[in-house]
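This is what each chain is made of:
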Amino acid sequence: MSTPPSPSPARWFRALRRTRLGEPCLKTYPLECVDLLRRARVAFQAGRTLKENFRLAQLEAVVRMLEEHECDFVDALGRDLHKPRFETVMSELLLVKNEALYAFSNLKKWMQPQHVERNLSTTLDECLVVNEPLGVVLIAGTWSSPVQMCLVPLVGAIAAGNCAIINPSECTSHTSELLHRLIPLYLDNECFHVILAGASDLPEVVELKFDHVFFTGNREEGNRIAQAAARTLTPVTLILGGKNPCYVDCQCDIATTAQRLAWARFHNAGQSLVAPDYILCHADVKARLVQALKCCLMQFYGPDPRESRSFGRMVNLEIFNRTRDMLWRSGKVAMGGQVIEAEKYIAPTILTDVAESDPIMQQDVFGPVLPVLTVNNEDEAIAFINKQEKPLCVYAYSNNSKVISRLMSETSSGSFCSNDSILQSLMVALPFGGVGASGTGSYHGRYSFDTFSHRKSCLLRGTRFECVTYLRYPPYEDRNLSLMTWASTLSQKSQGWCQIL
Amino acid sequence: METQSQVVDRLRSAFHSGITIPEQFRRTQLTKLMSMIKDNEEQILNALHKDLAKPKFEAILSEVDIVINDLHYAIANFRSWMQPEYVSKNLATKLDDCFIRREPLGVVLIIGAWNYPLQLLILPMVGAIAAGNCVVIKPSEVSAATDSLIAELIPKYLSQDCYAVVRGGAEETKALLQNRFDHIFYTGSQTVARSILQAASVHLTPVTLELGGKCPCFIYGRVNIAAAAHRLVWAKFFNAGQSCVAPDYVLCSPATKDVLVPALREALEDFYGKEPETCPDLSRIVSPRHWMRLMELLKRSSGKIVVGGESNQEDKYIAPTVVVDVFEDDALMKEEIFGPILPIITVDSLEKGIDFINRQEKPLALYVFSDESSVINTVLERTSSGGFCSNDGIVHMTLPGLPFGGVGASGWGSYHGRWSFEAFSHRRACMMRGWALERINSLRYPPYRDDKLSWLRWTTSAKSSCSLM
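Rules used in this analysis
- Residues numbered from 1 in each chain as written.
- Chains lettered and ligands numbered in written order.
- Predicted model: local features only at pLDDT ≥ 70, side-chain atom pairs only at ≥ 80, totals over all residues.
- Heavy atoms only, no water.
- Axes fitted to C-alpha atoms, helices over the stretch in contact; angles between N-to-C directions.
- Helix = DSSP H or I, 4+ residues; strand = E, 2+ residues; numbered from the N terminus.
- Parallel < 35°, antiparallel > 145°, perpendicular 65-115°, else oblique.
- Contact = heavy atoms within 4.5 Å.
- Nonpolar A, V, L, I, M, F, W, Y, C, P; charged D, E, K, R; others polar.
- Domains from an automatic or database assignment.
- Buried area = accessible area lost by both parts, 1.4 Å probe.
- Polar contact = N/O pair within 3.5 Å; in protein donor to acceptor, adjacent residues only side chain to side chain.
- Salt bridge = Lys/Arg side-chain N within 4 Å of Asp/Glu carboxyl O.
- Buried < 20%, exposed > 50% of the residue type's maximum accessible area, 1.4 Å probe, protein only.
- 1 Å grid on protein atoms, 1.4 Å probe; cavity = no way out; pocket = protein on both sides within 12 Å on 5 of 7 lines; lining within 4 Å.
- Points joined across faces, edges and corners; volume = space filled by probe spheres on them.
- Pairing = 2+ DSSP bridges.
- Phe/Tyr/Trp six-rings, centres within 6.5 Å; stacked < 30°, edge-to-face > 60°.
- Lys NZ or Arg CZ within 6 Å of the ring centre and 35° of its normal.
- Expected span 1.5 Å × (residues − 1).

## Brief notes about the packing of helix H2 (residues 23-39) of chain B against helix H4 (residues 56-82) of chain B
Residues and elements named next belong to chain B. In contact at an axis separation of 10 Å, H2 and H4 are set at 170 degrees when each is read in the N-to-C sense. With respect to their mutual orientation, H2 and H4 come out roughly antiparallel. Of the residues in H4, those in contact with Glu23, Arg26, Arg27, Leu30, Thr31, Leu33, Met34, Ile37 and Lys38 of H2 are Val64, Val67, Ile68, Leu71, His72, Ile75, Phe78, Arg79 and Met82. Within the contact of H2 with H4, the residues separate by chemical class into 11 nonpolar, 2 polar and 5 charged.

Put into structure tokens, the structure is as follows:
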């Protein structure tokens, strides 16, 4: 392998910074990426990934990898995020396994061409839509759920017949190194590669030219990726975090609401793209909600969450500092608020008396801090939500189906869930993605397969029946035109469409 | 006189007021759009003739009828497209409602092209209206007469609060793109697409790109040469070759070329007579600049002209021309031709032909003429393109059931029929839960215990459609 070029001053500085923060410096330089991309392209052009058997074998290998190395994943995520084993197994490993198994059992169906309704003139032809792989795709995951965010899209890319280069986040270095080590042991070595490029190097990698780029992360990074993709005319899927609002109505089951909210907000120490970011609570129930949340937190994590084996830590000092600053400069602490820098620990915290202009309302909360704002009714909540950028999720808790319906139809977001949180992003039958500032495109289940496929329209005709086709040829005659228009109107009535013959 | 930004802001307020959401509103606008075309057919045909010398027959087929048909299809079906799509539930969500809503995106921008100035603007607009958006359309200034006609007619028929026409050239378009849109739909060239994408990426605006490409036409194996030649000539010289899905060049064996050229000559004579210049059924090149570009290509080509080659600068006329002895590095192979010039490249085998095609960028369409289904299937499976058609050209894009769009360098996204509606909609996943079964739910709560984990694993193990229940 050729020696990497000597780092530019900027790169040297970044590497130095990483060492200072105590993180490993293993990384893939752009030159290596060029070589890996070339190998993947050669493998794709040779047709390796096209056969159903190949794709099934790769999907099955993903499942095996997760099963055989469960302990390694639990360990790596424990080191990176202090993630409890329960969370790793349920929200990372099982999630990917389910997607892979779902793809495995549906692959044959998905790969079938779809026949479309024919019309008068094409009755003797075959009209179908064929699903084709795009080529070599780039998948870049973020650090909040490092395994899931790389492997779930990978499942879709494999199922659709592509080759892929995966870039797990540099922030969760133990997990990325584990993936870097394991993937070559299970998946085809020419078709699938893991690179360890930092977030700041990603735009450069994107410009090497892929057939699709799938990126999960925050808005600023998403913007840089979109601009790099624009320069190379590359289609992208962007799943971008944002502030997910949650409205709690005066008519709801407070105890259950608090439990579901607390679970959604504080698992993974709040580092989730789909957790409720802030609460818009009806003034009438605010005190009760805060009280109920306090009880839940006690119930979940005990009197000292630091001792709890069910609670995580911030991924690194940068995120820790950011969350702590937001916490200190916003609202009033109703519960929690303790921080310990050496452990990157922030206690599960509830903030009240939060103003719209507070720092915590100006950026995504990627930590275990839950601001609770007060509103007088659902109108105010809807107006508030619509003033912000479209988020990944909107949540609403209420017994009143009219209120729920209004929250759903008068706001826009990637997805919506009433009386619970996060679950809508876990169903394989539902597309998961953003809209507006929260991204473009979607995945999960069949939608992953579609994201990484091209739907090619095919019309297979014969050369017989020129006796009908000739009507459209020059020399143009009004008589022929009338005949064709007549046939058109005829078919409009019978719902079979006929354009040019 | 409103500025562009004021127009966009005004449309955005209209969208926020919710006026475009009700089904009745959308139906009314679509019906009015249909009236607009039917009432003004004469004027439309005149404008198209002025811009491209488009014969009435071609204009009706490829501009008027195709749009009217799509409108009929949309009006008849958009209600069902608007309905929530319920999805299969699993054990834990049996008591819930899980569905996908199609929601409008907001204010969308559609940029048209000059080769089919009405179709390429109005067909996407049908989908955008049906999906409940406000729409800004920007017709191509190159097809000036149609541009001006559209700008006059649209405000007369459609709601001026929700739909606006913005006119101008490259400078005005650049300024327009500074505004934020919720989706941009662009038909045109790769170069311009790049700058549109860059402007769009600033606002994270999703884009549908319908770009051209060099659409290969492979003629191989046993084939009915006379029929193939007629269909090829029709597809190639329709609109004087100025179609993004026109067969750009032919690939065939030397033997096939020898029978193809006379067959093409015959078909051309059948269609346009002995003096194509005087035939009213042949269009003209859209502008002097494009005429110069095509003449330049012909001049720089090292191929041999075997049919046509005549031209008339004043009339922007180029005769239907066939060029042989063209190789991969020829001037005619360097860019999309977009004119009435057909190069024929010879290859020795199916393999070599497929390799040739795969060395180029992915085109918008790929054509194969053959009576041997094995040839067709091989090319279909081993190449990639936006669309594919065997034993004919162009017509695959007239079926509203088939999505029309590119892949790779020919773009992404698709439209026509229901696909237009989907292109301008957001698929929002919705889950409506109840309060029941909290005891089962509580399995996922901390404090985490191994026995809870085992339970959850067991419930999610058998063909799960939802992790974490």
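## Topic: the domain arrangement of chain B
You'll often see interface size given as the accessible area lost when the parts meet. Residues and elements named next belong to chain B. Splitting chain B by domain gives domain 1 (4-211 + 415-426), domain 2 (215-404) and domain 3 (435-466). If you average the C-alpha positions of domain 1 and of domain 2, the two centres end up 30 Å apart. Residue-level contacts link 22 residues of domain 1 with 21 residues of domain 2. A buried area of about 2000 Å², summed over both sides, lies between domain 1 and domain 2, and 58% of it is on carbon and sulfur atoms.

## A few points about the side chain of Arg313 of chain A
Residue and element names in this part refer to chain A. Tracing the sequence through the fold places Arg313 in the loop between helix H11 (286-301) and helix H12 (317-328). Looking at Arg313, its side chain comes within polar contact range of the side chain of Glu343, at 3.4 Å. Excluding residues within four positions of it along the chain, Arg313 makes contact with Leu81, His82, Ala269, Gln271, Arg306, Glu343, Lys344 and Tyr345.

## Digging into the pattern of salt bridges
Enumeration according to the criterion identifies 55 salt bridges over all chains in this entry. Asp420 of chain A serves as the salt-bridge partner of Arg444 of chain B, at 2.8 Å between the closest nitrogen and oxygen. Taken together, the residues span two chains, with Arg444 of chain B in the loop between helix H15 (438-441) and helix H16 (450-461) and Asp420 of chain A in the loop between strand S16 (415-418) and strand S17 (432-433). For Arg444 of chain B, a relative accessible area of 3% puts it in the buried group. In this structure, Glu328 of chain B engages Arg359 of chain B in a salt bridge whose closest nitrogen and oxygen atoms are separated by 2.8 Å. Here the residue Glu328 of chain B occupies a position in the loop between strand S13 (321-324) and strand S14 (341-346), and Arg359 of chain B occupies one in helix H12 (residues 350-359), the gap between them amounting to 31 residues. A residue is classified by how much of its surface remains accessible, and Glu328 of chain B, at 33% relative accessible area, is partly exposed. Salt bridges sharing common partners tie together Asp125, Arg461 and Arg472 of chain A together with Arg231 and Asp392 of chain B.

## Describing unusual backbone geometry
Cis geometry marks the peptide bond from Pro474 of chain A to Pro475 of chain A; its omega dihedral reads -5 degrees. Summarising the element assignment, Pro475 of chain A is placed in the loop between helix H16 (466-469) and helix H17 (478-493). With an omega dihedral of -5 degrees, the bond running from Pro446 of chain B to Pro447 of chain B counts as a cis peptide bond. Considering the arrangement of structural elements, one finds Pro447 of chain B in the loop between H15 and H16.

## Description of empty space enclosed by the protein
One simple way to see leftover space: roll a probe sized like a water molecule over the atoms. Residues and elements named next belong to chain A. One pass over the full model with this rule turns up 12 cavities of 30 Å³ or more. The volume enclosed by the largest cavity comes to roughly 280 Å³. The wall of the largest cavity is formed by 22 residues, among which Ser145, Gln148, Val274, Ile422 and Leu426 lie closest to the centre. For the lining of the largest cavity, the secondary-structure elements that each account for two or more residues are helix H5 (85-111) and helix H6 (146-159). Among the elements that take part in the lining of the largest cavity, H5 stands out by supplying 3 residues, more than any other. Tallied by class, the residues present in the lining of the largest cavity amount to 11 nonpolar, 10 polar and 1 charged. Composition of the lining of the largest cavity by domain shows at least three residues from each of domain 1 (30-241 + 446-454) and domain 2 (245-428).

## Observations concerning the environment of Arg101 of chain B
Assignment of secondary structure puts Arg101 of chain B in strand S2 (residues 97-104). In this structure the C-alpha to C-alpha distance between Arg101 of chain B and Gln313 of chain B, which are 212 residues apart in sequence, comes to 54 Å. Among residues more than four places away in sequence, those in contact with Arg101 of chain B are Met408 and Ser409 of chain A together with His426, Arg427, Arg428 and Cys430 of chain B. A distance of 2.9 Å separates the side chain of Arg101 of chain B from the side chain of Glu103 of chain B, its partner in a polar contact.

## Examining the packing of H5 of chain A against H6 of chain A
All names here are of chain A. At a minimum axis distance of 8 Å, the contact between H5 and H6 shows a crossing angle of 5 degrees. The orientation of H5 with respect to H6, classified from their angle, is roughly parallel. Contacts between H5 and H6 involve Ser91, Glu92, Leu93, Leu95, Val96, Glu99, Ala100, Ala103 and Leu107 on the former and, on the latter, Pro146, Val147, Gln148, Leu151, Val152, Val155 and Ala159. By residue class, the composition of the contact of H5 with H6 is 12 nonpolar, 2 polar and 2 charged.

## Overview of the sheet that holds strand S15 (residues 365-369) of chain B
Strand pairing in a sheet relies on backbone hydrogen bonds. The paired strands run either parallel or antiparallel. With mixed pairing, the 10 strands of this open sheet are ordered in space as S1(A)-S2(A)-S20(A)-S16(B)-S15(B)-S8(B)-S9(B)-S14(B)-S13(B)-S10(B). Strands with a single pairing partner mark the edges of an open sheet, and in this sheet they are strand S1 (114-115) of chain A together with strand S10 (304-307) of chain B. Where S10 of chain B and S13 of chain B come together, 3 bridges link them in antiparallel fashion. In the strand pairing of S13 of chain B, Ile305 of chain B is matched with Val323 of chain B. Sheet strands in contact with helix H10 (residues 254-272) of chain B are strand S8 (215-219), strand S9 (247-252), S10, S13 and S14 of chain B, and its direction is about 160 degrees off that of S14 of chain B.

## Some remarks on the packing of aromatic side chains
Summed over the entire model, instances satisfying the criterion amount to 26 aromatic pairs over all chains. Taking the centre distance of 4.8 Å and the plane angle of 35 degrees together, the rings of Tyr473 of chain A and Phe271 of chain B count as tilted. Here Tyr473 of chain A is found in the loop between H16 and H17, whereas its partner Phe271 of chain B is found in helix H10 on a different chain. Here Tyr473 of chain A matches Phe271 of chain B in class, with each residue buried. Summarising the aromatic geometry, the rings of Phe404 of chain B and Tyr415 of chain B are spaced 6.0 Å apart at their centres and angled 50 degrees between planes, so their arrangement reads as tilted. Taken together, the residues span a long stretch of sequence, with Phe404 of chain B in the loop between strand S16 (387-390) and strand S17 (411-412) and Tyr415 of chain B in the loop between S17 and helix H14 (418-423) at a distance of 11 residues. Comparing Phe404 of chain B with Tyr415 of chain B, the two get one shared label, buried. Its end group placed over the ring of Trp234 of chain B, Arg472 of chain A keeps NZ or CZ at 3.8 Å from the ring centre. Against the face of Trp263 of chain A rests Arg444 of chain B, its NZ or CZ located 4.2 Å from the ring centre.

## Let's talk about the sheet that holds strand S15 (residues 393-397) of chain A
Pairing within the open sheet is mixed, and its 10 strands lie in the order S10(A)-S13(A)-S14(A)-S9(A)-S8(A)-S15(A)-S16(A)-S18(B)-S2(B)-S1(B). Either end of the sheet is taken by a strand with one partner, and the two such strands are strand S10 (332-335) of chain A together with strand S1 (85-86) of chain B. As judged from the 4 bridges shared by S16 of chain A and strand S18 (residues 425-432) of chain B, these two strands associate in the parallel manner. Within S18 of chain B, the residue paired with Ser418 of chain A across the bridge is Met432 of chain B. Each of strand S8 (245-248), strand S9 (278-282), strand S14 (369-375) and S15 of chain A is contacted by helix H13 (residues 378-387) of chain A, which is oriented at about 155 degrees to S9 of chain A, the strand it contacts most.

## Points about the environment of Val274 of chain A
Residue and element names in this part refer to chain A. Within the secondary structure, Val274 sits in the loop between helix H10 (254-266) and S9. It is 7.6 Å that separates the C-alpha atoms of Val274 and Gly241, two residues lying 33 residues apart in sequence. Excluding residues within four positions of it along the chain, Val274 makes contact with Asn244, Cys393, Tyr395, Ile422, Ser425 and Phe432.

## Description of helix H7 (residues 173-186) of chain A
Residue and element names in this part refer to chain A. In this model H7 runs 20 Å from its N-terminal to its C-terminal C-alpha over 14 residues, within 8% of the 20 Å that 1.5 Å per residue would give. If you check which residues of H7 are buried, you get Ser173, Thr175, Ser176, Leu178, Leu179, Leu182, Ile183 and Tyr186. Along its buried surface, H7 packs onto helix H3 (52-68), helix H4 (70-81), H6, strand S4 (163-167) and strand S5 (192-194).

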